[in-house]
Every structure is written in C-alpha cells, then in structure tokens.
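Structure assessment
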Amino acid sequence: MAMPFVPDGLLGLGRVPALLLFDAILPVEGITQQDFTEMAWQAIVSSPEVAKENKHQIIETEHLMKALLEQKNGLARRIFSKAGVDNTRLLEATDKFIQRQPKVISESSGSMLGRDLESLIQRARDYKKEYGDSFLSVEHLVLAFAQDQRFGKQLFKDFQISQKALKSAIESIRGRQQVIDQGVQPCVGIWSDKCSSKYGRRRPFILAGSLMISVATLDIY
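Looking only at helices and strands, one finds 11 helices and three strands in the chain. The linear arrangement of helices and strands in the chain, starting from the amino end, is β-α-α-β-α-α-α-β-α-α-α-α-α-α. When each of the 221 residues of the chain is scored for burial, the buried share is 44%. The long-range fraction of contacts in the chain, counting pairs at least 24 apart against all pairs at least 6 apart in sequence, stands at 69%. Summed over its atoms, the accessible surface of the chain is roughly 12100 Å², and 54% of this surface lies on carbon and sulfur atoms.

What follows is the structure, encoded as structure tokens:
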C-alpha cells in the first residue's frame, strides 16, 4: 500500500516547489534530509515534481530515475556513461515508461509515496553500509534500481546494464573515497578522473586538500 505523501489540496496550489512537496514525507519514518548527500536529496525532492508534471498521484522509481538523469553534470549520468550507456536513450526509455502510467484527472488528490520507491531507498541504505559511507549517495540509488521490480530491473535488462558494470564504473569514479560529507558527492573522484597531471590523477587533489587544512589550522592560531 502506498503511503500518504502530500495533504489533500496541496497539489492544487499550482507549481509548488519540489522541496515543499517532499516536506510532507518527513513523517514517514527513516527518510530525512540529514541521511542524504545534497545531490541525492535533490533527486529525491525532485521526484514529486516529475510525478506532478505527468499527473501521477503515486511517486515511484521511474520519477526518481528521471530526476537523476536530468541533473546537469550529475553523478548518475557519469556512472551510466562509464558503464557504456547512452544517457539520452536511457532518459527516453524512462519517459516512455512514465507516459504509459495512469494519470489522475483532478490535481486536488493527495500524492503518495510508492511502495517500490520506498523499497528502493531502503536498498540504497544497504549499499551505503556496504560502501562504508556516512550518507546515502547517488551511486547507492543507482545500484538499488537493479532490483526494482517495477521499473529499474527491466530497464537495466533492456540496456544490458549489469551490477558488475555499475560497480566498476562507480569504483572508477570514486576510487577508494568514502562519502563522509553531505556536500561532497564524490565529485573529487569525477574531477580527478579527468586530471592528466604528471603527478597522477589523485595526488594533486590530496595535496590541495592538505594545504587548505594547513592554512585553516594556521588561521585558527
């Protein structure tokens, strides 16, 4: 059974900001902004807006996938590209699935968190533990789609996306980094992946971080 998401009438107020829409989910146990990185939370709170634009009452996994793929220079797109997947075609397939879903006529109906999306978030938490991360990140959400019976599993099958390929892509991007800060979505891994320094891909970033810490320490004293 889907869980109550937005109180009756809220969706009838016009274009409500996604964050305001998702604030109504906070009573649902275990889903709070404090558990997510900024980029992952941005995708989560954008999902209701995707559902609303398509006149869907239940917010589901396909809405989250679309939100992830529409993040400009987002980590999900980077992961899929590394895994050899065309993001444009993946987004088109996601849109086609969304368009096939039943639409509600009245916008005054309350919106709901779908059972499959709730399950996906729980699986993402398991991946967070597997990677030893402090916050639930975009790569955890991406991996969780592989077991999504509603949408993700078939999508990955159609595009021949394997769990092994995704994990390899993630390792290539983040290296051995752990997600210990909400605002750092292993973006250092993304930038360093493009680095062609003679000192290696990671070392310049490690050095820069060390220098900033040293300066900050001196400033304190």
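Text resumes after the structure shown.
So, on to the pattern of salt bridges. In this structure the tally under the stated criterion is six salt bridges. A salt bridge links Arg150 to Glu62; the nearest nitrogen and oxygen atoms lie 2.7 Å apart. Highlighted residues: Arg150 in the loop between helix H7 (138-144) and helix H8 (152-158) and Glu62 in helix H3 (residues 61-69), separated in sequence by 88 residues. For Glu62, a relative accessible area of 0% corresponds to the buried category. Between Lys66 and Glu70 there is a salt bridge, with the nearest N and O atoms lying 2.8 Å from each other. By relative accessible area, which is 10% here, Lys66 ends up buried. For Glu70, a relative accessible area of 45% puts it in the partly exposed group.

Let us now look at the packing of aromatic side chains. Taken as a whole and assessed by the stated rule, the structure comprises three aromatic pairs. Taking 6.0 Å as the distance between ring centres and 80° as the angle between the ring planes, the aromatic pair formed by Phe80 and Phe156 counts as edge-to-face. On the criterion of sequence distance, the pair formed by Phe80 in helix H4 (residues 75-82) and Phe156 in helix H8 is long-range, its members being 76 residues apart. Comparing Phe80 with Phe156, the two get one shared label, buried.

The subject of this paragraph is H3. Within H3, nine of the nine residues are buried, leaving the element largely enclosed by the surrounding structure. Among the residues of H3, those classed as buried are Thr61, Glu62, His63, Leu64, Met65, Lys66, Ala67, Leu68 and Leu69.

Our focus in this paragraph is the confidence of the model for the chain. Looking at the chain as a whole, the pLDDT averages 81, with 67% of positions reaching at least 70. Confidence over residues 3-20 falls short of pLDDT 50; this stretch has 46 contacts with residues more than four positions distant or in other chains.

For His140, the position within the fold is in helix H7. Residue class for His140 comes out buried when judged on its relative accessible area of 0%. At 2.7 Å, the side chain of His140 forms a polar contact with the side chain of Asp133. Sequence-distant contacts of His140, defined by excluding residues within four places in its chain, comprise Ala124, Tyr127, Lys128, Tyr131, Asp133, Phe135 and Arg174.

Moving on, we come to H4. Turning to H4, its buried residues number three or more, namely Leu75, Ala76, Ile79 and Phe80. For H4, the angular spread of the buried residues around the axis is 135°, confining them to a single face. Downstream of H4 by one or two residues, Gly84 has phi in the positive range, about 85°.

Moving on, we get to unusual backbone geometry. The backbone of Lys55 sits at a positive phi, close to 60°, despite the residue not being glycine. Note that Lys55 resides in the loop between helix H2 (38-53) and strand E2 (58-59). Of the residues examined, Lys55 reaches a relative accessible area of 39% and is grouped as partly exposed. A positive phi angle, near 55°, is found at Gln160, a position not held by glycine. Looking at the element boundaries, Gln160 is found in the loop between H8 and helix H9 (163-174).

Conventions adopted
Residues numbered from 1 in each chain as written. Predicted model: local features only at pLDDT ≥ 70, side-chain atom pairs only at ≥ 80, totals over all residues. Heavy atoms only, no water. Helix = DSSP H or I, 4+ residues; strand = E, 2+ residues; numbered from the N terminus. Buried < 20%, exposed > 50% of the residue type's maximum accessible area, 1.4 Å probe, protein only. Contact = heavy atoms within 4.5 Å. Areas by Shrake-Rupley, 256 points an atom, 1.4 Å probe, with all protein chains shown as cover. Salt bridge = Lys/Arg side-chain N within 4 Å of Asp/Glu carboxyl O. Phe/Tyr/Trp six-rings, centres within 6.5 Å; stacked < 30°, edge-to-face > 60°. pLDDT = per-residue confidence, 0-100. Polar contact = N/O pair within 3.5 Å; in protein donor to acceptor, adjacent residues only side chain to side chain. Arc of directions from axis to C-beta.

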